[in-house]
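# Reading the structure
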Amino acid sequence: MRDKRKRNHSKTAGCSEFKKIIGHRTRGERTYYKVQWEGQQLHTWELEKNLDADKVAEYKRKTASGEQSPPETKEKPRIGFQRGLEPKRIVGMYEVGETNALMFKIEWNGCKTRDLVTVDEAKEKCPQLVIEFYEKRISWV
């Protein structure tokens, strides 16, 4: 039988850093907090026990006093090498957009998500992975 307590309900939490709590809801006796993660557009609902107690206390204080957080500027989500992750392997190559730009789909160490990265950026930042990708697919005639 599975232990439900060990399941991680957050798909992005392992890949991103906590940014702030942006909401909450109560289901039965449990309180869930809507969490915004650095570099991610998606938010996750997390149990209070899974969050930093100081962040939860700060959120409760702000909501109790009616403080409004300053409006944030919309920033583009960080993808690819902008997230500071180490590339694990190249899993595919695609033509993207009207210009048919070549992009590699890269899998990252310690993260399940994969990002499209331009071929030029991959050649510059992980040339050995690019070589390995092409070596696996070369066919000698």
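Along each chain, residues carry numbers from 1 onward, in the same order as the chain's sequence is written. Local features in a predicted model are, by the rule used here, given only for residues with pLDDT of at least 70; side-chain atom pairs are given and counted only at 80 or more, and totals for whole chains, interfaces and linings are based on all residues. The basis for the side-chain values is all heavy atoms of the structure; hydrogens and waters are excluded.

### Re the pairing of strand 5 (residues 101-108)
Definition in use: Two strands form a pair only when DSSP identifies at least two bridges running between them. Under the scheme used here, helices are H or I runs from DSSP no shorter than 4 residues and strands are E runs no shorter than 2 residues, and both carry numbers assigned from the N terminus.
Of the strand pairs in this sheet, strand 4 (residues 87-96) and strand 5 are connected by eight bridges, and their pairing is antiparallel. Paired with Tyr94 across the bridge in strand 5 is Met103. Between strand 4 and strand 5, which pair antiparallel one after the other, the connecting turn spans four residues, and Gly97 there sits at a positive phi close to 80°. In this structure, strand 5 lies alongside strand 6 (residues 114-118), joined through five bridges in antiparallel fashion. Each bridged residue has a counterpart across the sheet, and for Ile106 the counterpart in strand 6 is Asp115. Linking two consecutive strands that pair antiparallel, namely strand 5 and strand 6, is a turn of five residues; a positive phi of about 75° is found at Gly110 within it.

### Some remarks on unusual backbone geometry
The line we're drawing: For the exposure calls, accessible area comes from a 1.4 Å probe over protein chains only, and a residue counts as buried if that area is under 20% of its type's maximum, exposed if over 50%, partly exposed in between.
The backbone phi angle of Asn100 is positive, close to 55°, even though this residue is not glycine. In this fold, Asn100 is placed in the loop between strand 4 and strand 5. With relative accessibility at 42%, the residue Asn100 sits in the partly exposed group.

### A closer look at the pattern of salt bridges
The line we're drawing: By definition, a salt bridge exists where a carboxyl oxygen of Asp or Glu is found within 4 Å of a side-chain nitrogen of Lys or Arg.
Under the defined criterion, the tally for this structure stands at seven salt bridges. In this structure, Arg114 and Glu107 form a salt bridge, with 2.9 Å as the shortest nitrogen-oxygen distance. The exposure class of Arg114 is partly exposed, given its relative accessible area of 41%. Its salt-bridge partner being Glu121, residue Lys125 comes within 3.4 Å of it at the nearest N-O pair. Of the two residues, Lys125 and Glu121 are both situated in helix 2 (residues 119-125); the distance of four residues between them amounts to about one turn of the helix. Judged by relative accessible area, which is 45%, Lys125 ranks as partly exposed. Each of Lys88, Arg89, Glu107 and Arg114 takes part in one network of salt bridges that share partners.

### Things to note about the sheet that holds strand 3 (residues 43-47)
Applied cut-off: Helix axes use the C-alpha atoms of the stretch in contact, all axes being lines fitted to C-alpha atoms, and the angles between their N-to-C directions lie in the range 0 to 180 degrees. We call two residues in contact whenever any of their non-hydrogen atoms come within 4.5 Å of each other.
Ordered by their spatial adjacency, three strands build an open sheet running 1-2-3, and the pairing between neighbours is antiparallel. Each end of this open sheet is capped by a strand with a single partner; those strands are strand 1 (18-27) and strand 3. Shown here is a sheet whose adjacent strand axes are inclined to one another by a mean of 30°, direction ignored. Sheet topology note: the strand 2 (residues 30-37)/strand 3 ladder contains five bridges and is antiparallel. Within strand 3, the residue paired with Tyr32 across the bridge is Leu47. Against the sheet, helix 1 (residues 53-65) engages strand 1 and strand 2, with an angle of about 70° to strand 1.

### Quick word on the confidence of the model for the protein
Worth spelling out the cut-off: You can read pLDDT as the predictor saying how much it trusts each residue, on a scale of 0 to 100.
Chain-level pLDDT for the protein is 80 on average; 80% of the residues reach the 70-or-more range. Ignoring residues within four places in sequence, the model shows residues 1-13, a span with pLDDT below 50, making eight contacts including any to other chains.

### Focus on the packing of aromatic side chains
What counts here: Side-chain rings of Phe, Tyr and Trp (the six-membered ring for Trp) are treated as a pair once their centres are within 6.5 Å; stacked means planes under 30 degrees apart, edge-to-face means over 60, and tilted covers the remaining angles.
For the coordinates displayed, the defined rule picks out five aromatic pairs. Ring geometry for Phe81 and Trp108: centres 5.1 Å apart, planes at 90°, overall edge-to-face. In this pair, Phe81 is assigned in the loop between helix 1 and strand 4 and Trp108 in strand 5, connecting sequence segments 27 residues apart. When its relative accessible area of 14% is taken as the criterion, Phe81 is described as buried. On the basis of relative accessible area, Trp108 is assigned to the buried category, the value being 1%. Ring plane angle 65° and centroid distance 6.1 Å describe the contact between Phe104 and Tyr134, whose orientation is recorded as edge-to-face. Of this pair, Phe104 sits in strand 5 while Tyr134 is found in helix 3 (residues 127-137), placing the two residues 30 residues apart along the sequence. On the accessibility criterion, Phe104 (0% relative accessible area) is buried.

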